[in-house]
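Listed below, chain by chain, are the residues.
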Amino acid sequence: MFKKILVPSDGSDLAHKAAEFAADLAKVHGAEVIGVYVIDPFPYIGIGDASAVGLQAYLSEAKQAANRSLEVLADSCKQRGVAFAGDTIERSVVYEGITETAKAEGCDLIVMGSHGRKGMEALFLGSVAQKVLTHAKVPVLIVK
C-alpha cells in the first residue's frame, strides 16, 4: 500500500515514537522510510564579523541536533530491516519544508508526532502537525 513514508523529526521523544511506528508500518508494507529534519534559518542578520560567527555556531549546533535525530530514525529502521534515507533541509516555515520534501521524494504517507497543544498554547505556538495536515497532498498519520 505504501512505498515511501516521510518521517519529519524535531528530535523530540514524540518524533522518535513516530519514527518507530513508521518503521513498523514500513516493514509491514515493504516501504522505505525518508527522514527529514527542518532547520530554521539563522534568526538574526547582523552587521560585521560577529554575525558570521553567530551564524556558524548556530548552524553547527542545528546540524548536530539534526544528525542525532536522524540517527535515531536510521537505527529504528535498521533494527527492523527497513530501507532509510535522511536529509536535513533549511526552511523558514517548517511545515512547508515537510510538504515540499514529501512531494520531491514521491512519498505517499507522512507519519509525524504531535504535541497535542490546545487552546492559547496552540494559538501562540502554532502546530506544525496541524499545518501539515492542512497542506499535505498525501495522507498524514499523527502519532501521539
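What this report covers is the structure whose coordinates are included nearby. (Residues numbered from 1 in each chain as written. Predicted model: local features only at pLDDT ≥ 70, side-chain atom pairs only at ≥ 80, totals over all residues. Heavy atoms only, no water.)

Let's talk about the overall build of the protein
Right, so step 1: Along the backbone of the protein there are 5 helices and 5 strands.
Right, so step 2: In the protein, the order of α-helices and β-strands from amino to carboxyl end is β-α-β-α-β-α-β-α-α-β.
Right, so step 3: The buried share of the protein, taken over its 144 residues, is 39%.
Right, so step 4: Sequence separation of at least 24 residues holds for 77% of the intrachain contacts in the protein that already meet a minimum separation of 6.
Right, so step 5: Surface accessibility of the protein: about 8400 Å² in total, with carbon and sulfur atoms responsible for 55%. (Helix = DSSP H or I, 4+ residues; strand = E, 2+ residues; numbered from the N terminus. Buried < 20%, exposed > 50% of the residue type's maximum accessible area, 1.4 Å probe, protein only. Contact = heavy atoms within 4.5 Å. Areas by Shrake-Rupley, 256 points an atom, 1.4 Å probe, with all protein chains shown as cover.)

Some words on the sheet that holds strand β3 (residues 84–90)
Right, so step 1: Strands sit in the order β3-β2-β1-β4-β5 across an open sheet of 5 strands; the sheet is parallel. Taken across any chain shown, the strands that pair with only one partner, and hence form the sheet edges, are β3 and β5 (140–143). Within the sheet, the average angular offset between the axes of one strand and its neighbour, ignoring direction, is 25°.
Right, so step 2: Relative to the sheet, helix α5 (residues 128–135) contacts β4 (109–113) and β5, its axis offset from that of β4 by approximately 165°. (Pairing = 2+ DSSP bridges. Axes fitted to C-alpha atoms, helices over the stretch in contact; angles between N-to-C directions.)

Description of helix α3 (residues 94–105)
Right, so step 1: Under the 1.5 Å per step criterion, the end-to-end length of α3 is 17 Å for 12 residues, consistent within 8% with the ideal 16 Å.
Right, so step 2: Buried residues of α3: Tyr95, Gly97, Ile98, Thr99, Thr101 and Ala102, and no others.
Right, so step 3: Next to the buried residues of α3 lie β1 (4–9), β2 (32–39), β3, β4 and α5.
Right, so step 4: Positive phi appears at Gly106, one or two residues downstream of α3, with a value of about 70°. (Expected span 1.5 Å × (residues − 1).)

Thoughts on the pattern of salt bridges
Opposite charge on two side chains permits pairing when their charged atoms draw close.
Right, so step 1: Overall, the coordinates contain 3 salt bridges when judged by the stated rule.
Right, so step 2: Residue Asp24 is joined to Arg80 by a salt bridge in which the shortest nitrogen-to-oxygen separation is 2.4 Å. With Asp24 in helix α1 (residues 13–29) and Arg80 in helix α2 (residues 49–80), this pair connects stretches of sequence that are 56 residues apart.
Right, so step 3: We classify Arg80 as buried; its relative accessible area is 17%. (Salt bridge = Lys/Arg side-chain N within 4 Å of Asp/Glu carboxyl O.)

A few points about the nonpolar core
Right, so step 1: In this structure, Ile5, Val7, Ala26, Val33, Leu109 and Val111 are the most contacted members of the largest nonpolar core, which totals 22 residues.
Right, so step 2: At the level of secondary structure, the elements contributing two or more residues to this core comprise β1, α1, β2, α2 and β4.
Right, so step 3: Ranked by the residues each element gives to this core, the list is headed by α1, at 6 residues.
Right, so step 4: Excluding residues that lie within four positions of it along the chain, Ile5 makes contacts with Ala22, Leu25, Ala26, Ala31, Glu32, Val33, Ile34, Cys107, Leu109 and Val111.
Right, so step 5: In this structure, Ile34, Tyr95, Ala102 and Ala136 belong to the second largest nonpolar core, which totals 15 residues. (Core = buried A, V, L, I, M, F, W, Y, C linked by side-chain atoms within 4.5 Å.)

Description of the packing of α3 against α5
Packed helix pairs are specified by the crossing angle of their axes together with the interaxial distance, meaning the distance between the axes.
Right, so step 1: Close contact between α3 and α5 brings their axes to 9 Å; oriented N to C, the two are set at 45°. Our classification of the angle between α3 and α5 gives oblique. Here the hand of the crossing between α3 and α5 comes out right-handed. Here α3 contributes Val94, Tyr95, Ile98 and Thr99 to the contact with α5, which in turn contributes Val128, Lys131, Val132 and His135.
Right, so step 2: Of the residues that constitute the contact of α3 with α5, the class distribution is 5 nonpolar, 2 polar and 1 charged. (Parallel < 35°, antiparallel > 145°, perpendicular 65-115°, else oblique. Left-handed = near helix turned anticlockwise from the far one by under 90°. Nonpolar A, V, L, I, M, F, W, Y, C, P; charged D, E, K, R; others polar.)

So yeah, pure geometry; function would need other evidence.
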